[in-house]
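# Survey of secondary and tertiary structure
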Amino acid sequence: MARITASVYTSHVPAIGAALDLGKTQEPYWQPVFGGYDFSKQWMKQNKPDVIFLVFNDHATAFSLDMIPTFAIGAAAEFQPADEGWGPRPVPKVVGHPDLASHIAQSVIQQDFDLTIVNRMDVDHGLTVPLSLMCGQPEAWPCPVIPFAVNVVQYPVPSGQRCYNLGKAIRKAVESYDEDLNVQIWGTGGMSHQLQGPRAGLINKTFDNAFLDRLIADPDGLARVPHIDYVREAGSEGIELVMWLIARGAMADVAGGQPPKVAHRFYHVPASNTAVGHLILEHA
């Protein structure tokens with residue numbers, strides 16, 4: 001059967017992609033950010049999966065106010081980098097895994113989660129920046145990727161509990177797939193940041209690090225945190241962190257009740273008015 005062996009969590013700040021594409025990674029401002037992923041790139045080479053299930057949010061690229069799916073799974077054979085207003089990022093196209101994506105959709109919908117199945121969409125920085133941070137600048141991404149878009153842009157957005165439970169359903173779906181595949185699930189977005197209004201530029205280091213602590217050791221309790229706490233403590237865009245609970249939910253059922261192994265943890269402020277958080281968890 002297929003299995004989820006690890007989960008990766010990271011911010012997906014668009015300016016990080018621009019810094020990488022423009023060769024600014026060693027500039028004094030950016031070097032501490034990219035230095036936090038040196039371990040991760042090496043880990044990725046040593047733990048290359050067969051498929052990445054990547055949870056992200058679309059930034060009005062594939063979807064708009066005309067149509068806002070709460071959960072959307074990409075089932076296409078490939079996905080092109082999106083033009084977000086300044087041309088597509090110079091990164092490889094994303095090769096999908098239609099068979100596994102369709103199987104996950106079937107299984108998760110039968111577990112009473114409504115998914116939108118997307119057979120054509122471009123993918124923006126929410127997906128390509130995490131791939132760049134973990135894989136560098138290859139000619140092709142190291143494995144197929146299943147994009148999974150979550151609406152955390154326009155309210156109402158799904159609760160942390162809903163996302164956490166969805167992660168458990170995704171794990172069950174993956175484990176019911178007949179082919180022997182090593183699957184990683186990535187949760188992206190966040191951490192604390194607010195891009196507009198009187199609190200623009202808000203960053204809450206205390207909240208962010210407490211979130212990381214609880215994501216590792218108390219995901220059940222973290223799943224019960226209401227939206228208002230995210231908005232109050234982490235800013236209007238801090239709600240993106242509920243997507244990390246999807247990835248953590250997929251790691252929840254560990255043999256013997258042991259928490260996942262923390263392979264790497266990193267936190268840095270700032271990166272373009274945003275806190276950068278990063279975590280790699282492996283099954284114990």
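Since we're looking at a predicted model, the values are computed, not measured.

With that settled, the discussion passes to the overall build of the protein chain. Along the protein chain, the regular secondary structure elements total 10 helices and 10 strands. Taking 19 Å as the expected radius of gyration for a compact globule of 284 residues, we find that the protein chain reaches 17 Å, a close match to that expectation. Over its C-alpha atoms, taken along the principal directions, the protein chain stretches across nearly 50 × 40 × 40 Å. Taken over 284 residues, the protein chain has a buried fraction of 56%. Considering only contacts in the protein chain between residues 6 or more positions apart, those separated by 24 or more positions represent 81%.

On to the side chain of Asn-57. Looking at the element boundaries, Asn-57 is found in the loop between strand S2 (51-56) and strand S3 (71-74). The class of Asn-57 is buried, set by a relative accessible area of 0%. A polar contact is formed between the side chain of Asn-57 and the side chain of His-12, at a distance of 3.3 Å. For Asn-57, the residues in contact, after removing those within four places along its chain, are His-12, Asp-124, Gly-126, Val-150, Val-152, Val-153, Glu-240 and Met-243.

Next up on the list: unusual backbone geometry. The omega torsion across Tyr-155 and Pro-156 is 5 degrees, close enough to zero to call that bond cis. Mapped onto the elements, Pro-156 comes out in the loop between strand S7 (145-150) and helix H6 (160-175). Each neighbour pair has its own omega, and for Gly-190 with Met-191 the value is 0 degrees, a cis peptide bond. Inspection of the secondary structure puts Met-191 in the loop between strand S8 (182-188) and helix H7 (205-217). A positive phi angle, near 60 degrees, is found at Ala-60, a position not held by glycine. Residue classification places Ala-60 among the exposed positions, given a relative accessible area of 61%.

With that settled, the discussion passes to the pairing of S8. When you tally the buried positions in S8, you get 7 out of 7 residues, the bulk of the element. Residues Asn-182, Gln-184, Trp-186 and Thr-188 point to one face of S8 and Val-183, Ile-185 and Gly-187 to the other, with burial holding for every one of them. Two elements, strand S1 (residues 3-10) and S8, share 7 bridges in a ladder whose sense is parallel. By the bridge assignment, Ile-4 is partnered in S8 with Val-183. Where S2 and S8 come together, 5 bridges link them in parallel fashion. Each bridged residue has a counterpart across the sheet, and for Val-55 the counterpart in S8 is Gly-187.

Quick look at the packing of H7 against helix H10 (residues 242-249) now. Relative to each other, H7 and H10 sit at 20 degrees, their axes nearing to 10 Å. Taken as axis vectors, H7 and H10 run roughly parallel relative to one another. Viewed along their axes, H7 and H10 form a crossing whose handedness is right-handed. Within the contact between the two elements, H7 uses Phe-211, Leu-212, Leu-215 and Ile-216 and H10 uses Trp-244, Leu-245 and Arg-248. When grouped by side-chain class, the residues that make up the contact of H7 with H10 number 6 nonpolar, no polar and 1 charged.

Phe-148 and Ile-246 are the most contacted members of the largest nonpolar core, which totals 57 residues. Top element by residues in this core is H6. It accounts for 7 residues. Ranked by size, the runner-up nonpolar core spans 27 residues in total, among them Met-44, Val-91, Met-134 and Cys-143.

Turning next to the packing of aromatic side chains. Inspection of every chain in the model, using the stated rule, returns 10 aromatic pairs. For the pair Tyr-29 and Trp-30, a centre-to-centre distance of 5.0 Å together with 80 degrees between the ring planes defines the contact as edge-to-face. With a relative accessible area of 39%, Tyr-29 lands in the partly exposed category. Look at Phe-211 and Tyr-230: their rings are 6.3 Å apart centre to centre, the planes differ by 65 degrees, and that puts the pair in the edge-to-face class. Here Phe-211, found in helix H7, pairs with Tyr-230, found in helix H9 (residues 227-234); they are 19 residues apart in sequence, far enough to count as distant.

The subject of this paragraph is the layout of surface pockets. Approximately 360 Å³ is the volume found for the largest pocket. Together, 19 residues line the largest pocket, and His-59, His-193, Leu-195, Glu-237 and Glu-240 are the ones closest to its centre. Looking at side-chain class alone, the lining of the largest pocket contains 8 nonpolar, 9 polar and 2 charged residues.

Quick notes on the rules
Residues numbered from 1 in each chain as written. Predicted model: local features only at pLDDT ≥ 70, side-chain atom pairs only at ≥ 80, totals over all residues. Heavy atoms only, no water. Helix = DSSP H or I, 4+ residues; strand = E, 2+ residues; numbered from the N terminus. Rg over C-alpha atoms; globule rule 2.2 N^0.38 Å. Buried < 20%, exposed > 50% of the residue type's maximum accessible area, 1.4 Å probe, protein only. Contact = heavy atoms within 4.5 Å. Polar contact = N/O pair within 3.5 Å; in protein donor to acceptor, adjacent residues only side chain to side chain. Pairing = 2+ DSSP bridges. Axes fitted to C-alpha atoms, helices over the stretch in contact; angles between N-to-C directions. Parallel < 35°, antiparallel > 145°, perpendicular 65-115°, else oblique. Left-handed = near helix turned anticlockwise from the far one by under 90°. Nonpolar A, V, L, I, M, F, W, Y, C, P; charged D, E, K, R; others polar. Core = buried A, V, L, I, M, F, W, Y, C linked by side-chain atoms within 4.5 Å. Phe/Tyr/Trp six-rings, centres within 6.5 Å; stacked < 30°, edge-to-face > 60°. 1 Å grid on protein atoms, 1.4 Å probe; cavity = no way out; pocket = protein on both sides within 12 Å on 5 of 7 lines; lining within 4 Å. Points joined across faces, edges and corners; volume = space filled by probe spheres on them.

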